[in-house]
Amino acid sequence: MSDLDDIIQRLRSVSDDLADRAIAILSEASRAGASKRPDTERVVTQARRAVEKAIALLERADER
């Protein structure tokens, strides 16, 4: 396993954690009767997308 593989695996774990947190935020907002997506969930989802982009870039670099 290359050094990049280890980083990719850790980033996947972070992505999963962020996805879980976003779902929890949405669930909490729903229980509280919110009528729109919480700003915090939007930020967490944006961060997860950025991590996913980093994973894709590192996977491409690791193929070389």
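Residues numbered from 1 in each chain as written. Predicted model: local features only at pLDDT ≥ 70, side-chain atom pairs only at ≥ 80, totals over all residues. Heavy atoms only, no water.

K.L.:
Can you break down helix α1 (residues 3-31) residue by residue, with the values?
P.N.:
Its 29 residues place the ends of α1 43 Å apart at the C-alpha level, agreeing with the 42 Å of an ideal helix rising 1.5 Å per residue. Buried residues of α1: I8, L11, S15, A22, I25 and A29, and no others. Looking at the buried positions of α1, the neighbouring elements they touch are α2 (39-63). Just beyond α1, the residue with positive phi is G33, at close to 85 degrees. (Helix = DSSP H or I, 4+ residues; strand = E, 2+ residues; numbered from the N terminus. Expected span 1.5 Å × (residues − 1). Buried < 20%, exposed > 50% of the residue type's maximum accessible area, 1.4 Å probe, protein only. Contact = heavy atoms within 4.5 Å.)

K.L.:
Go over a negative patch on the surface, please, and point to the residues and values.
P.N.:
A surface patch of negative charge is lined by D16, D17, D20 and E52. With 3 residues, the top contributor of residues to the negative patch is α1. Following the sequence through the fold, D20 ends up in helix α1. (Patch = residues over 30% accessible without salt bridge, like charges linked within 9 Å, V, L, I, M, F, W, Y side chains within 5 Å. Areas by Shrake-Rupley, 256 points an atom, 1.4 Å probe, with all protein chains shown as cover. Salt bridge = Lys/Arg side-chain N within 4 Å of Asp/Glu carboxyl O. Lys, Arg positive; Asp, Glu negative; His and termini not counted. Charge placed at Lys NZ, Arg CZ, Asp CG, Glu CD.)

K.L.:
Run through α2, naming residues and quoting values.
P.N.:
With 25 residues, α2 ought to run about 36 Å at 1.5 Å a step, and its terminal C-alpha atoms sit 37 Å apart, in line with that. Within the span of α2, buried status applies to E41, V44, T45, V51 and I55. Packed against the buried residues of α2 are α1.

K.L.:
Got a sec to walk through the environment of A54? Specific residues and values, please.
P.N.:
Its location among the elements puts A54 in helix α2. Relative accessible area serves as the criterion here: at 28%, A54 is assigned to the partly exposed category. Sequence separation between A54 and D17 is 37 residues; the distance between their C-alpha atoms is 15 Å.

Nothing here speaks to function; it is all geometry.
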